[in-house]
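Listed below are the residues making up each chain.
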Amino acid sequence: MEQPGRRCLRACQGHRRAVSQDPNPPHALLRPRIAIPFILTALIWGSTWYVIRGQITDVPGQWSIAYRFAMAAPAMFALAIAMRKSLAMPARAHGLAMAMGLLQFCGNYTFVYASEAHLTSGVVALLIGMMFVPNALLARALLGQTVTRRFVLGSAIALAGIAVLLVNEARAAPMGGADVPLGTLLALGGMLVASVANVIQAGPAGRGVPLVTLLAWAILYGTGIDVAAAWIVAGPPVFPDAPAYWLGTAWLAIAGTVVTFPMYYQLVRELGAGRAAYNGVLVVVIAMAISTLLEGYVWSALAITGAALATAGMIVALRARQVAP
């Protein structure tokens, strides 16, 4: 018969092994390896929302999207080469890259740029920041990742806050709120197509190739689709003379794409699609702060209530333990 001391030792060793093998411990976001890219991605993306508004004033939005990713594609290939990653991919990975190009680097940004013509950048960021809801649901359906009760509760609270903010936006809109429903639908459309891209890149086809290589090809395919769409929708290309426009485009291409997407997609793979999308908490805070300073966003009592509910819901969901199988 095994002695009690040995049984206790075996149990403790088994517990330590189980903890060490858990790929998504509850406090993974506190690790520097996770926290640094998590925060840096949110800081950069929080700043890009305001920059996008300068891309849709004198130039058709579809061409601004095409210029952004035409700059980002060679830079991402250069990053892959600098990291000594092979640029070759099997046919299945190229199919995935084409889907990502269509969804993430064309569809998502087409919806987002159009929505910013009707809503302030902070509110658009808030809507896109809710991506953790479809991310988690799609990850459960396609990747078998778990969704907890706490996550569902937090999502419900956050959605209530979003609804309150949109009511405030409709009341404050200069055209009587006529364009708010359209802007909301466009932003939600961008969120959904981006969510699909988030999840499918974390599947077997995406994990079988270097992430930066997959992204380089996806952005290249997306650029081709963007150029074709822009020519059909807006006609021949328009090249503005304003240096500020091209500086903004470069910031969106290099910082907002080449720097952030490898970090964010890696977070999706390590944390799960739902938990990685929680960086929308910081994105929203930064974007709303910039909107307040530069766009004159007015914080009414209704807006404060909605923002508080949305943030509280996101924090509740953030503390949920969502473990991949």
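Use the structure listed above.
I will try to describe carefully the structure that is included in this document. What you are looking at is a predicted structure, and each value in this text was computed from that prediction instead of being measured. (Residues numbered from 1 in each chain as written. Predicted model: local features only at pLDDT ≥ 70, side-chain atom pairs only at ≥ 80, totals over all residues. Heavy atoms only, no water.)

**A few points about the overall build of the protein**
Then, number 1: When helices and strands are tallied, the protein shows 14 helices and zero strands.
Then, number 2: Considering only contacts in the protein between residues 6 or more positions apart, those separated by 24 or more positions represent 89%.
Then, number 3: Surface summary for the protein: the accessible area is close to 14700 Å², and the carbon and sulfur share equals 70%. (Helix = DSSP H or I, 4+ residues; strand = E, 2+ residues; numbered from the N terminus. Contact = heavy atoms within 4.5 Å. Areas by Shrake-Rupley, 256 points an atom, 1.4 Å probe, with all protein chains shown as cover.)

**Re the packing of helix α4 (residues 91-115) against helix α8 (residues 180-200)**
Then, number 1: For the pair α4 and α8, the least separation of the axes is 8 Å and the interaxial angle reads 160°. As summarised for this structure, α4 and α8 are arranged roughly antiparallel, according to the angle between their axes. The chirality of how α4 crosses α8 is left-handed. Contacts between α4 and α8 involve L96, A99, M100, L103, Q104, G107, N108, F111, A114 and S115 from the first element and G183, L186, A187, G189, G190, M191, V193, A194, V196, A197, N198 and I200 from the second. (Axes fitted to C-alpha atoms, helices over the stretch in contact; angles between N-to-C directions. Parallel < 35°, antiparallel > 145°, perpendicular 65-115°, else oblique. Left-handed = near helix turned anticlockwise from the far one by under 90°.)

**Quick notes on the layout of surface pockets**
Then, number 1: Of the volumes computed, that of the second largest pocket is approximately 200 Å³.
Then, number 2: Taken together, 13 residues line the second largest pocket, and the ones lying closest to its centre are G54, Q55, T57, A244 and Y245.
Then, number 3: Broken down by secondary-structure element, the contributors of at least two residues to the lining of the second largest pocket are α2 (32-53) and α11 (243-271).
Then, number 4: Considering every element that reaches the lining of the second largest pocket, the biggest residue donor is α11, with four residues.
Then, number 5: Its residues assigned to classes, the lining of the second largest pocket comprises eight nonpolar, four polar and one charged. (1 Å grid on protein atoms, 1.4 Å probe; cavity = no way out; pocket = protein on both sides within 12 Å on 5 of 7 lines; lining within 4 Å. Points joined across faces, edges and corners; volume = space filled by probe spheres on them. Nonpolar A, V, L, I, M, F, W, Y, C, P; charged D, E, K, R; others polar.)

**Comments concerning the side chain of T260**
Then, number 1: Mapped onto the elements of the fold, T260 is located in helix α11.
Then, number 2: When its relative accessible area of 0% is taken as the criterion, T260 is described as buried.
Then, number 3: Polar contacts involving the side chain of T260 include one to the main-chain carbonyl oxygen of G256, which spans 2.8 Å.
Then, number 4: Apart from residues no more than four positions distant in its own chain, T260 is found in contact with T41, I44, W45 and A255. (Buried < 20%, exposed > 50% of the residue type's maximum accessible area, 1.4 Å probe, protein only. Polar contact = N/O pair within 3.5 Å; in protein donor to acceptor, adjacent residues only side chain to side chain.)

**Some points on α11**
Then, number 1: Along its 29 residues, α11 runs 39 Å from first to last C-alpha, staying within 8% of the 42 Å computed at 1.5 Å per residue.
Then, number 2: Within α11, the axis deviates most sharply at T260, by approximately 45°, and proline P262 lies no more than four positions further along.
Then, number 3: In the stretch just after α11, G272 is the one whose phi turns positive, near 100°. (Expected span 1.5 Å × (residues − 1). Bend = angle between axes of the 7 residues up to and from the residue.)

**Details of the packing of helix α3 (residues 61-82) against α11**
Then, number 1: It is at 8 Å that the axes of α3 and α11 come closest, and there the two elements cross at 45°. The angle between the axes of α3 and α11 places the two elements in the oblique class. Seen along the crossing, α3 lies across α11 with a hand that is right-handed. Only Y245, W246, T249, A250, L252, A253, I254, G256, T257, V258 and P262 of α11 make contact with α3, whose side of the interface consists of S64, Y67, R68, F69, M71, A72, A75, M76 and L79.

**What about the packing of aromatic side chains?**
Then, number 1: This structure, assessed with the given rule, holds 15 aromatic pairs.
Then, number 2: When the ring of Y67 is compared with that of W246, the centres are 5.3 Å apart and the planes differ by 45°; the resulting orientation is tilted. Separated by 179 residues along the polypeptide, Y67 in helix α3 and W246 in helix α11 bring together distant segments of the chain.
Then, number 3: Judged by its relative accessible area of 26%, W246 falls in the partly exposed class. (Phe/Tyr/Trp six-rings, centres within 6.5 Å; stacked < 30°, edge-to-face > 60°.)

**Overview of the nonpolar core**
Then, number 1: Ranked by internal contacts, the top residues of the largest apolar core, which has 77 residues, are W49, F105, M130, F132, L215, Y264 and Y265.
Then, number 2: It is α11 that provides the largest number of residues to this core, a total of nine residues.
Then, number 3: For Y265, the contacting residues outside a window of four places in its chain are M100, Q104, A197, N198, Q201, L211 and L215. (Core = buried A, V, L, I, M, F, W, Y, C linked by side-chain atoms within 4.5 Å.)

**Let's talk about unusual backbone geometry**
Then, number 1: Unusually for a residue other than glycine, R84 sits at a positive phi of about 60°.
Then, number 2: Within the secondary structure, R84 sits in the loop between α3 and α4.

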